[in-house]
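The chain contents come next:
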Amino acid sequence: AKARARQLATNASYFAFTATPKAKTLQTFGNPYQDPDGETKYRPAHEYTMKQAIQEGFILDVLANYTPVESYYKLVKKVEDDPEFDEKRAKKKLRCYVESHDHAIRLKAEIMIDHFQQQVIAPKKIGGQARAMVVCNGIARTIQYYHAFRAYLTETKSPYQAIIAFSGEHNDNGSTVTESSLNGFPGKDIEDRIQDDPYRFLICADKFQTGYDEPLLHTMYVDKTLAGIQAVQTLSRLNRSRPDKHDVFVLDFTNNTETVEKAFADYYRTTILSKEIDPDSLYNLQSTLDGYQIYSPDQIEQFVGLYMTDAKRDQLDPFLDASVALYVKADEDEQVGFKSNAKSFVRTYDFLAQVLTYTNVAWEKLSIFLTLLLPKLPAPKDEDLAEGILNDIDMDSYRVEKKAVLSILLPDEDAEIAPAAIGAAGRKPEPTLNKLSAILNTFNDQFGGLFSDADRVVQRIVNDIAPKVAADQAYQNAIKNTPQTAKLEHDRALGRVLVELWKDDAELYKQIIQNGSLNKWVTDNVFNLTNGSQSARAAD
């Protein structure tokens, strides 16, 4: 009876409306057909494609103004010895360390705010009412960005403010905070408050990335890894149309155009399920799970018998605990394999039980048992062979570079998606140990940029140092006086900018300060640039 209850009722009609259909949705609600090779596929019963909606103006194309922003940085070893770490895990920690460094967050926050002010507010996008969303990688980084935004908005005397959105309570430098305590108003008011000034930025991690409908959202700043459906659903927060909304912007600090294009291509035209989920796969999964000998047939029978009579947990837990005891005695590969396959069985059976025209009592009993067993299974012990690496390194330099604005063109053809994989290999990956110096060399080669020392000096003079000196207010005032006064104030402004440079690029700062001839060369070229007499030359 419980298995039959999972099936879709024959006297009811079921409809699914979605812009990003999953394989299960297509097989449950789609129309089956056979291709020339005899493979059963599923297509939607009706479709109104993303392409058609964009062409008819019901939504906007969120990929028409997509701008990737590249990060470049260099890490250095600050210990004399050369310890070994798990290379894959170490690189993941290093990337997280760099991108969540206070200096990196502050620099990216400045870029976001400056871009919004110059490219969104100044040209009066959406009649001057445009809002922006900042998508962050986790709540800790969301809180970092919130503080960085508040600081820079205050320093620049901006009339605008930011709102932070996250669930629950979290640590902020030793204090427990919530979105309400940081914002100064209840979380339920966020959707209303963002519509009114002074609030223009909504900073979030997961909250508001799906199901949020706000036509005033015009620009999105992405500092989070996105792929597949999540990428489509997140960026599509911008696509809501209104009469005075003619375009949208995306500045992406983390993902590349290939990843984003691949994600959207599956849903631009008609989405087709390439292959139906085979019920026989459950027989194979059940056989695999039986082979681990974590449970016995009699144990399943007794457990389900008690469960169906509404037995209390103190009667059910001994059966589950017996399997947990066998699970913890198994080696790590067996633990990984059993847990992965058990999750796959429960997930697949929950779906197939709705669409099959017959019931399988054995599958139903195993599903009941595994559903209650899985939460009790401890995670396999996973020794962190990259622990402590952040104590041995320091960030030498960090900069970001905004690339050209792109219009990502999607393939004008139907897309096929495959059903979710059933079953798992069940093997724990072996760590690859390497020395810290080698890990840092590889990491810096990958993310350190393409500039030689001379090129970097010229690049920084032209793009960073000279513009900041030229904008210095004291220097601007001195220009109105004698040339001698202007040169004196220029050199003072340059000194202030070089102190800022130390925070951003310590290695380059050391080169300029410690090399007398290079220091003079930089001073002369910056002065020439700020006075418009010539361009910086390549350093000797």
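All values reported here derive from a predicted model rather than from experimental measurement. (Residues numbered from 1 in each chain as written. Predicted model: local features only at pLDDT ≥ 70, side-chain atom pairs only at ≥ 80, totals over all residues. Heavy atoms only, no water.)

1. Quick word on the overall build of the chain
The cut-off we apply is this: Only runs of H or I of at least four residues qualify as helices and only runs of E of at least two qualify as strands under DSSP, and these elements are numbered from the N terminus. Throughout this description, buried means an accessible area under 20% of the type-specific maximum (1.4 Å probe, protein chains only), exposed means over 50%, and partly exposed covers the range between. Every residue pair with non-hydrogen atoms within 4.5 Å of one another is taken to be in contact. Note on areas: Shrake-Rupley with a 1.4 Å probe; residue coverage comes only from the protein chains shown.
Of regular secondary structure, the chain possesses 21 helices and 15 strands. Taking all 540 residues of the chain together, the buried fraction comes to 44%. Considering only contacts within the chain whose residues lie at least 6 apart along the sequence, 78% involve residues at least 24 apart. Accessible surface, the chain as shown: approximately 28,000 Å² in total, 49% of it carbon and sulfur.

2. What to know about the environment of isoleucine 163
Take isoleucine 163: it is sitting in strand β6 (residues 161-165). Each C-alpha atom of the pair isoleucine 163 and phenylalanine 149 lies 9.7 Å from the other, and the pair is 14 residues apart in sequence. Look past the residues within four positions of isoleucine 163 in its chain and what remains in contact with it is Tyr146, Asn183, Phe185, Ile190, Arg193, Ile194, Tyr199, Phe201, Leu202 and Ile203.

3. Quick notes on the packing of aromatic side chains
Two numbers describe a pair of aromatic rings. These are the distance of the centres and the angle of the planes. Note the cut-off: Centre distance within 6.5 Å is the pairing criterion for rings of Phe, Tyr and Trp, where only the six-membered ring of Trp is used; planes under 30 degrees apart are then read as stacked, over 60 as edge-to-face, and the remainder as tilted.
Under the counting rule described, the total for this entry stands at 15 aromatic pairs. Ring centres of tyrosine 295 and phenylalanine 338 lie 6.4 Å apart, and the angle between their planes is 55°; this geometry places the pair in the tilted category. With a gap of 43 residues between them, tyrosine 295 in the loop between α11 (280-291) and α12 (297-308) and phenylalanine 338 in helix α14 (residues 332-355) connect regions that are remote in the sequence. Residue classification places tyrosine 295 among the buried positions, given a relative accessible area of 10%. Clustering of aromatic rings is evident, with ring pairs tying together Tyr292, Tyr295, Phe303, Tyr307, Phe319, Tyr327, Phe338 and Phe369.

4. Brief notes about the pairing of β6
Taken residue by residue, a regular strand's side chains alternate between the two faces of the sheet. Here is the rule we go by: Pairing between strands requires that DSSP locate at least two bridges from one strand to the other.
Of all five residues in β6, four are buried, a share of seventy percent or more. With five bridges connecting them, β6 and strand β9 (residues 199-204) associate as parallel partners. Directly across from alanine 165, in β9, lies its bridge partner cysteine 204.

5. A short note on a positive patch on the surface
Keep this limit in mind: The patches reported here contain residues having more than 30% relative accessible area and no salt bridge. Joining distances are 9 Å for like charges and 5 Å for nonpolar side chains (Val, Leu, Ile, Met, Phe, Trp, Tyr). Whenever Lys or Arg places a side-chain nitrogen within 4 Å of a carboxyl oxygen from Asp or Glu, that contact is recorded as a salt bridge. A residue counts as positive if it is Lys or Arg and as negative if it is Asp or Glu; His and the chain ends are not included. Each charge is placed at NZ for Lys, CZ for Arg, CG for Asp and CD for Glu.
Side chains of Lys22, Lys24, Lys343 and Arg347 sit close together on the surface and give a patch of like positive charge. Along the chain, arginine 347 falls in helix α14. Overall, arginine 347 belongs to the partly exposed group, its relative accessible area being 38%.

6. Focus: empty space enclosed by the protein
The line we're drawing: Computed over the protein atoms alone on a 1 Å grid, cavities are sets of points where a 1.4 Å probe fits but cannot get out and pockets are open sets with protein on both sides within 12 Å along at least five of seven lines; a residue lines them when it has an atom within 4 Å of a point. Grid points are joined across faces, edges and corners, and a volume is the space filled by probe spheres set on the points. Three categories are distinguished: nonpolar for Ala, Val, Leu, Ile, Met, Phe, Trp, Tyr, Cys and Pro, charged for Asp, Glu, Lys and Arg, and polar for the others, with Gly belonging to the last.
Within the structure shown, the criterion is met by two cavities of 30 Å³ or more. What the second largest cavity holds in volume is close to 40 Å³. Lining the second largest cavity, in full, are Lys24, Ile277, Arg347, Thr348, Ala420, Ala421 and Ile422. Grouping the amino acids of the lining of the second largest cavity by side-chain chemistry returns four nonpolar, one polar and two charged.

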